[in-house]
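Residues per chain, in single letters:
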Amino acid sequence: MNAPLRRVGVVVMVLFGLLFANLNWVQAYKADEYRTSDYNGRVQVAEYERKRGIIEAGGTPLATSRETGGELKYLRSYPKGELYAHALGYKPVNLADTGIEKSENEFLAGTSDQLFADRVRDLFTGNQTAGGNILLTLSPRAQEMAFRQLAENEKNVTRGAAVAIDPATGAIQALVSMPSFDPNPLVDHDSKKAEAAYKQLDNAKDGPLKNRALAETLPPGSTFKVITSAAALENGYTPSTQIPAGPSYLAPTAGVPIRNAATSICPESQVTLKEALTESCNTGFARLGVTLGAEKLKAEARKFGFEDEELAVGRLNGAGQAVAASRTGSMQTPDGRDDPPTLAQSSIGQNDVRMTPLQGAMIAAAVANNGRQMRPYLVQQQLGPDRTTDYYTAVPKELREPVSPQVARDLQDMMVSVVQSGTGTKAKISGYRVGGKTGTAETGGTNGDQGWFIGFAINSAGVPVSAVCVLLEDAGSGGSAEAARISREIMRAVIADRGGR
Amino acid sequence: MPRVRVAAKSRRNAELGLLLLAMAVVAAYAATVEANLLDTVTLDFWVPIAAVGAVFLALHLVVRFLAPYADPVLVPAVALVNGLGVAFLRRLDLANAAPEERADFAIFSGTGGRQLAWTLASVILAAGLLVLMRDHRAVSRYAYTLGLAGIVLVIIPAVLPARYSQVNPQSDAKLWISVGGFTIQPGEFAKLALLVFFAYYLVRKREVLSLASRRFLGVDFPRGRDLGPVVVVWIISLGVLVFQKDLGTSLLYFGMFVVTLYIATERVSWLIIGLLLFFGGAFLAYFLGSTVGGPFANFYTRVEIWLDPYGDAYGAGWQPLQGLLGLGTGGLFGTGPGGGQPTQIPEVHNDFIFAGMGEEIGLFGLSALLVIYLLIIERGLRAALAVRDSFGKLLAGGLSFTLCLQLFVIIGGISSLIPLTGQTTPFLSAGGSSLMANWLLVATLLRISDAARRPVETGTGPRPSGAPATPPPQLHGATTEVIRP
């Protein structure tokens, strides 16, 4: 009987060998997949073992953590509620995290490589140091102003967005999407409650979870005329160049003529480029676009950041919330020749042209910053758990140089003229050179038009202070003027926050 | 003189040394658990360990006097696993207790406390078996009684109403007898009883089973009428599968029988027949589960979860998936005893204890644990090889292999090597029945290994009385040689 017993011994070895091999598969090869699986609650519990760092802006705490005594030791809370929701994002237990809470998760959680030394020290001291802290570029005053002005707009619009950028650095001063939401219920430790809150927001009318400032694109309307103007100035035009205008313009092969917003606008056959922008002359810009051609117009838009699919707002290394690419549309027939009807429409920001509010602000910022477009960012600093060690401070980076300083100055003059004597007079701030461009875009639906304003303020020393873009969706007539007014309030808040400089 | 003593060495002091080492490991484990869970090591962390240590020591003394030549590795190896089990279950209690109660958690409370009490009882029972059973051959006298008792034990839960036979809300397996809050798992004991019967029956019938055969495709197949017993056991094990809804136990009984049959007859054909029957039966059950459902549905679900662990992640697949995630989270080194979250796995103290421990001791720890188990099984097989009588060989071989098969079924199930079927992890899982039955198994192996290693001449006394003993003649297999036609 010993021979079969020995063979049984071999079978035992084989079975144990299989177990051992399989354990290697599970615990070594697949370990990372299992460890980070969404179904793995251990990760969460471990994540909540350590106090998550604070997110703050201008000394105001925006996201904090407090002890609970439960299995998940710390509860995230957002003291400012819906005010900063779209800029911060949120960090829920089971749902997906978003915004800065997502892009800076590792640093906030204290698990990033940068904080390795702190974790090693913890091993010896037995303490559990908190995660790192994130300082945002937002100006609390501008952010709160933007939020309040949007919420209490005079057109009773329920959807919109506002973005303000420091033109000289690219630092984002305000970022609001309306309607907003209170992130606190979403991070409830009772995941059923959190999920219910999420579902309710997800199904709510007007989509409060959408980040309209970064992720939604809409036809920019006449604000796009700044791009058309830039294309003209770069191709031999000057602000005083006479361009053909008129009460209506029927592009070759087009079925419907383009008209102006009012019969009082540029009825004469020729106006200067500057006058055309000041009054927002549709016929003049449509003709100008057709004359320049689709390639030049699209190239100019790209130089200002259209078609950029890589942009993310967060840190300057590209980590952050993704920004939807703004689009010009084709403006050409399938065989590659210009299509005058769509080209004419596109030149005044209609047809297939789509823009995010951030893109609008970036156009104004580039103009205000003498043609240098800075990379927009939201994270000013990464501070260690001790609040003294500096792990990262934003060093502003140039993103593009869409136009020469000369063209930029011409554009500034033209846009200042819009605010001084044109469609954007509501944006005036005394003591500052304020320039801008209004836009009223038809969406083709039964809803009212989108009201846009993009603009900038330059102080008496010639330093650009702020560039903004305000969007009011379905605002109807007068929407762009209201957008201009809100822009003014936001820029004034920025100025106040900077101590009037 | 010294040479002779070497040949007949009892190695009891080695056993004592290994036992102390095992207890030191368990104590270190318990201390680490407290350091991680309580941030401090309480002054009485060693009390539960000392309690199990004391009873293991008592067992050692019993072995020293009543089975002096028993294998010196068995008791320490089993004590190590058992001790770690107690410490881990206490660790689960601490995790589940309110933070302020953790520091002075009574040693006999909670699952860990109960397991401690069961360990004491089981070891005393094992010692009792050593006292009563001075010669393993004596049990063959009760073979038919035990066989009958085994079958009755298997059948009881199947025929009992679910109220009395289902205690685990996680599964619908009917494996228990539950009366007034007191539950036993008769299958654990049935395993031993049936094995004694198999060994006895096969020793008597092996001649006819191995002699009469038909040759087919180069393999000797038994005659049709000799297939009777194996078919009966196959039907019983399929019955277990159908009525108790438990593939693991069914596989265990069947594998146990086929392997003892193979050891007895040395016929590979039995293994082939057995494997074909089992896989055929399992496939049929899977097929019926997908089409007919009913009693086979459970098995079908298990296979589906095995094929896709994420398929029903929030339903039936939750527990197996959490087990896998626990093992994965542990990775190579584990989170350290007390540093993980094994309580994320439902019922982690039962079937999934291996995954729970795996999270904390990692691949390295689990590999060490597997090696300890392998050592126990290998020592059992070694006793089977060395013992002189056929009954002892079959019994020790069968018991060792049963232990191996049970470990394979549950650990393979947890780590998703095979479809998961409920089984306790020997010496680790919480539960008195499993612990007692497995300690009785160890006591039997100790008794057989004592007989195997005992010098031949000293059958009258426990120790050689100083007379020069000749080395034991190599009689292995001499009386068990199969006469072939």
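Computed from a predicted model, the values in this text were never measured in an experiment.

Visitor: Would you explain the overall build of chain B in this entry?
Guide: When you go through chain B residue by residue, the secondary structure sums to 17 helices and four strands. Every one of the 485 residues in chain B was classed for burial, and the buried ones make up 57%. Sequence-distant contacts, at least 24 apart, represent 72% of the contacts inside chain B between residues at least 6 apart. Of the roughly 19500 Å² that chain B leaves accessible, carbon and sulfur atoms contribute 67%.

Visitor: So what exactly am I meant to see when it comes to helix H3 (residues 47-66) of chain B here?
Guide: An α-helical segment advances 3.6 residues per turn. Residues three or four places apart therefore align on the same side. Residue and element names in this part refer to chain B. Taking 1.5 Å of rise per residue, 20 residues should cover 28 Å, and H3 covers 28 Å from first to last C-alpha, within 8% of that figure. Buried residues of H3: Pro 48, Ile 49, Val 52, Gly 53, Val 55, Phe 56, Leu 59, His 60 and Val 63, and no others. Along the axis of H3, the buried positions cluster into a sector of 165°, meaning they face one direction only.

Visitor: Would you take a moment to explain a nonpolar patch on the surface for this structure?
Guide: All names here are of chain B. A cluster of nonpolar residues, Ile 151, Ile 155, Val 159, Val 232 and Ile 236, forms a patch on the protein surface that exposes about 410 Å² of accessible area. Breaking the nonpolar patch down by element, the ones donating at least two residues are helix H7 (143-159) and helix H10 (228-243). Considering every element that reaches the nonpolar patch, the biggest residue donor is H7, with three residues. Look at Val 159 and you get exposed, because its relative accessible area is 63%.

Visitor: Explain the pairing of strand S17 (residues 433-441) of chain A here, please?
Guide: Regular strands show a simple pattern: their side chains alternate between the two faces of the sheet. Residue and element names in this part refer to chain A. Judged by how many residues are buried, S17 sits mostly within the fold: seven of nine residues are covered. Note: S17 against strand S18 (residues 450-458), nine bridges, orientation antiparallel. From the neighbouring strand, Arg 433 faces S18, where its bridge partner is Ile 458.

Visitor: Any chance you could explain the packing of helix H15 (residues 353-386) of chain B against helix H16 (residues 390-414) of chain B here in plain terms?
Guide: Two packed helices can be described by the angle between their axes and the distance between those axes. Residues and elements named next belong to chain B. Running from N to C, H15 and H16 point in directions that differ by 165°, and their axes come no closer than 8 Å. Taken together, the axis directions place H15 and H16 in an arrangement best described as roughly antiparallel. Viewed along their axes, H15 and H16 form a crossing whose handedness is left-handed. On H16, the residues that touch Phe 354, Ala 355, Leu 370, Tyr 373, Ile 376, Ile 377, Gly 380, Leu 381, Ala 384, Leu 385 and Ala 386 of H15 are Lys 393, Ala 396, Gly 397, Ser 400, Leu 403, Cys 404, Leu 407, Ile 411 and Ile 414.

Visitor: What's the story with unusual backbone geometry in this structure? I'm lost.
Guide: Glycine aside, residues mostly have negative phi angles, and peptide bonds mostly take the trans form. All names here are of chain A. The linkage connecting Met 178 with the following residue, Pro 179, adopts the cis geometry, with an omega of -5°. Along the chain, Pro 179 turns up in the loop between strand S6 (172-178) and helix H9 (191-203). Unusually for a residue other than glycine, Arg 387 sits at a positive phi of about 65°. Here Arg 387 lies in the loop between strand S14 (379-383) and strand S15 (390-393). For Arg 387, a relative accessible area of 36% puts it in the partly exposed group.

Visitor: Would you take a moment to explain the environment of Val 86 of chain B for this structure?
Guide: Residues and elements named next belong to chain B. Tracing the backbone through its elements, the reader meets Val 86 in helix H4 (residues 74-96). Separated by 32 residues in the primary sequence, Val 86 and Trp 118 place their C-alpha atoms 9.8 Å from one another. Among residues more than four places away in sequence, those in contact with Val 86 are Val 52, Gly 112, Gln 115, Leu 116 and Thr 119.

Visitor: What exactly am I supposed to notice about the state of the cysteines here?
Guide: Think of a disulfide as a covalent bridge from one cysteine sulfur atom to another cysteine sulfur atom. Residue and element names in this part refer to chain A. A full pass over the atoms with the stated rule returns one disulfide over all chains. Here Cys 266 pairs with Cys 281 through a disulfide, and the sulfurs are 2.2 Å apart. Between Cys 266 and Cys 281, the S-S torsion sits near 90°, and that sign places the bridge as right-handed. Note that Cys 266 is positioned in the loop between strand S9 (258-259) and strand S10 (270-272) and Cys 281 in the loop between helix H11 (273-279) and helix H12 (282-292), a separation of 15 residues in sequence. With a relative accessible area of 0%, Cys 281 lands in the buried category.

Visitor: Would you mind showing me how to read the packing of aromatic side chains here?
Guide: How two aromatic rings sit relative to each other is set out by the distance from centre to centre and by the angle between their planes. Residues and elements named next belong to chain B. This structure, assessed with the given rule, holds 16 aromatic pairs over all chains. Ring plane angle 85° and centroid distance 5.7 Å describe the contact between Tyr 144 and Tyr 200, whose orientation is recorded as edge-to-face. Note that Tyr 144 is positioned in helix H7 and Tyr 200 in helix H9 (residues 186-211), a separation of 56 residues in sequence. One aromatic cluster in this structure is built from Tyr 144, Phe 197, Phe 198, Tyr 200, Tyr 201 and Phe 257.

Visitor: Just to check I follow, could you spell out the side chain of His 136 of chain B for this structure?
Guide: With respect to the helices, strands and loops of the structure, His 136 of chain B is situated in the loop between helix H6 (110-132) and H7. If near-sequence neighbours (up to four positions away) are discounted, His 136 of chain B is found in contact with Val 387, Asp 389, Phe 391, Gly 392, Arg 447, Ile 448 and Ala 451 of chain B.

Visitor: In this structure, what is going on with the sheet that holds strand S3 (residues 74-77) of chain A? I would like to understand it.
Guide: Residues and elements named next belong to chain A. Read across the open sheet, the six strands follow the order S3-S2-S1-S4-S14-S15; overall the sheet is mixed. Either end of the sheet is taken by a strand with one partner, and the two such strands are S3 and S15. With direction set aside, neighbouring strand axes in the sheet form an average angle of 20°. Pairing between strand S2 (residues 60-67) and S3: four bridges, direction antiparallel. Residue pairing across strands places Thr 64 opposite Ser 77, the latter belonging to S3.

What counts and what doesn't
Residues numbered from 1 in each chain as written. Chains lettered and ligands numbered in written order. Predicted model: local features only at pLDDT ≥ 70, side-chain atom pairs only at ≥ 80, totals over all residues. Heavy atoms only, no water. Helix = DSSP H or I, 4+ residues; strand = E, 2+ residues; numbered from the N terminus. Buried < 20%, exposed > 50% of the residue type's maximum accessible area, 1.4 Å probe, protein only. Contact = heavy atoms within 4.5 Å. Areas by Shrake-Rupley, 256 points an atom, 1.4 Å probe, with all protein chains shown as cover. Expected span 1.5 Å × (residues − 1). Arc of directions from axis to C-beta. Patch = residues over 30% accessible without salt bridge, like charges linked within 9 Å, V, L, I, M, F, W, Y side chains within 5 Å. Salt bridge = Lys/Arg side-chain N within 4 Å of Asp/Glu carboxyl O. Pairing = 2+ DSSP bridges. Axes fitted to C-alpha atoms, helices over the stretch in contact; angles between N-to-C directions. Parallel < 35°, antiparallel > 145°, perpendicular 65-115°, else oblique. Left-handed = near helix turned anticlockwise from the far one by under 90°. Disulfide = S-S within 2.5 Å. Phe/Tyr/Trp six-rings, centres within 6.5 Å; stacked < 30°, edge-to-face > 60°.

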